[in-house]
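Per-entry structural report
So you can see what is in the structure, the chains are spelled out below.
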Amino acid sequence: MARTDTENAADAAAAPGYEQARDELIEVVRRLEAGGTTLEDSLALWERGEELATVCRRWLEGARARLDASLSDEKTADGGE
């Protein structure tokens, strides 16, 4: 079933910022590397880590797009390509 714009907007509003997601991802990795958790807990941590990595990747891709757009605008303003 396709997601609605309202559901997508709610997810975006609930998603953590880059720094928050990165910090939580670091903690997830630390806990996984330390071991001592049950298989179920390890799987839950892994899944959370995947979610956080996706959030970080989206933030970084958005930042890259903004930089590329800014550089493109700068070239246009300077009479470049």
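Residues numbered from 1 in each chain as written. Predicted model: local features only at pLDDT ≥ 70, side-chain atom pairs only at ≥ 80, totals over all residues. Heavy atoms only, no water.

For residues with low pLDDT, the predicted coordinates do not support detailed interpretation. Mean pLDDT over the protein chain: 87, with 80% of residues reaching 70 or higher. Mean pLDDT across the secondary structure elements of the protein chain bottoms out at helix H1 (residues 5–14), with 61, and peaks at helix H2 (residues 18–34), with 97. (pLDDT = per-residue confidence, 0-100. Helix = DSSP H or I, 4+ residues; strand = E, 2+ residues; numbered from the N terminus.)

What follows deals with the environment of Ala21. Relative to the helices and strands, Ala21 resides in helix H2. Taking the relative accessible area as the measure of exposure, Ala21 reaches 0% and is therefore buried. Between the C-alpha atoms of Ala21 and Glu51, which are 30 residues apart in sequence, the distance is 9.1 Å. Apart from the residues within four sequence positions on either side, Ala21 is in contact with Pro16, Leu52, Val55 and Cys56. (Buried < 20%, exposed > 50% of the residue type's maximum accessible area, 1.4 Å probe, protein only. Contact = heavy atoms within 4.5 Å.)

Position of Thr37 among the secondary structure elements: in the loop between H2 and helix H3 (39–77). Thr37 sits in the partly exposed class, given a relative accessible area of 29%. When residues no more than four places from it in sequence are discounted, the contact partners of Thr37 are Ser42 and Leu45. A polar side-chain atom of Thr37 sits 2.6 Å from a polar atom in the side chain of Ser42. (Polar contact = N/O pair within 3.5 Å; in protein donor to acceptor, adjacent residues only side chain to side chain.)

What follows concerns the pattern of salt bridges. Going through the model one piece at a time under the given rule, you end up with six salt bridges. Asp23 is paired through a salt bridge with Arg22; the nearest N and O atoms lie 3.1 Å apart. Under the relative-accessibility criterion, Asp23 is labelled partly exposed at 42%. Exposure remark for Arg22: the relative accessible area of 33% places this residue in the partly exposed category. The closest approach of N and O atoms between Arg48 and Glu51, which form a salt bridge, is 3.1 Å. Highlighted residues: Arg48 and Glu51, both in helix H3, separated by three residues, approximately one helical turn. Exposure remark for Arg48: the relative accessible area of 31% places this residue in the partly exposed category. Connected through salt bridges with shared partners, the residues Glu24, Arg48 and Glu51 form a single ionic network. (Salt bridge = Lys/Arg side-chain N within 4 Å of Asp/Glu carboxyl O.)

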